[in-house]
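Each chain, letter by letter, is given below.
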Amino acid sequence: MNSESAQDFRTIDDRGRFDETAWRNICARTAVAASKDCRQFFDQYVKAFSAGVDALLKTIPAEFHPVALEIAAQWDYAQTPNDIAAGIREHNRAVMERIRALGPSVSTDENQGARAD
């Protein structure tokens, strides 16, 4: 995945402050690139996006990493394999809730997915 440098967006302003808007733009572009690489697999997206963010974090001072990671979490950033697994479980749970909300015309089987009756 080709990630742009955080410096391309000037994430640190002339006063040495972290530019959250620029970082959000970086995260959005990184998320778009990751989604193109994942072929609709959520775990691949999370891994690709998280790897891109990890690389970009190296371009900004460590003191800004906590806020940068908080922002990146809005696009499903995960630091560890356990975070990725938890994100996948949450994603699957949310999908199943949306399917169940469709009512009895759609049945769900945890092993087979959803299908119209």
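Preceding this paragraph is the structure being described.
Procedures and definitions
- Residues numbered from 1 in each chain as written.
- Predicted model: local features only at pLDDT ≥ 70, side-chain atom pairs only at ≥ 80, totals over all residues.
- Heavy atoms only, no water.
- Helix = DSSP H or I, 4+ residues; strand = E, 2+ residues; numbered from the N terminus.
- Axes fitted to C-alpha atoms, helices over the stretch in contact; angles between N-to-C directions.
- Parallel < 35°, antiparallel > 145°, perpendicular 65-115°, else oblique.
- Left-handed = near helix turned anticlockwise from the far one by under 90°.
- Contact = heavy atoms within 4.5 Å.
- Nonpolar A, V, L, I, M, F, W, Y, C, P; charged D, E, K, R; others polar.

*Asks:* Run through the environment of Glu63, naming residues and quoting values.
*Replies:* Note on placement: Glu63 falls in the loop between helix H2 (42-57) and helix H3 (65-72). When the C-alpha positions of Glu63 and Phe18 are compared, they lie 9.4 Å apart, and in sequence the two are 45 residues distant.

*Asks:* Any details on the packing of H2 against helix H4 (residues 81-101)? Residues and values, ideally.
*Replies:* One can describe the packing of H2 onto H4 by two numbers: an axis separation of 10 Å at closest approach and a directional angle of 140°. When the axes of H2 and H4 are compared, the pair comes out oblique. As H2 packs across H4, the resulting crossing turns out to be right-handed. Contacts from Phe42, Asp43, Val46 and Lys47 in H2 reach Ile84, Gly87, Ile88 and His91 in H4. Considering only residue class, the contact of H2 with H4 consists of 4 nonpolar, 2 polar and 2 charged.

*Asks:* Hey, could you go over the packing of helix H1 (residues 20-37) against H2 for me, with residue numbers and the actual values?
*Replies:* At a minimum axis separation of 8 Å, H1 and H2 run at an interaxial angle of 140°. Comparing the axis directions of H1 and H2 gives the class oblique. At the point where H1 passes H2, the crossing takes the right-handed sense. Contacts between H1 and H2 involve Trp23, Ile26, Cys27, Thr30, Ala31, Ala34, Ser35 and Asp37 on the former and, on the latter, Gln44, Tyr45, Ala48, Phe49, Gly52, Val53, Leu56 and Leu57. The class makeup of the residues in the contact of H1 with H2 is 11 nonpolar, 4 polar and 1 charged.

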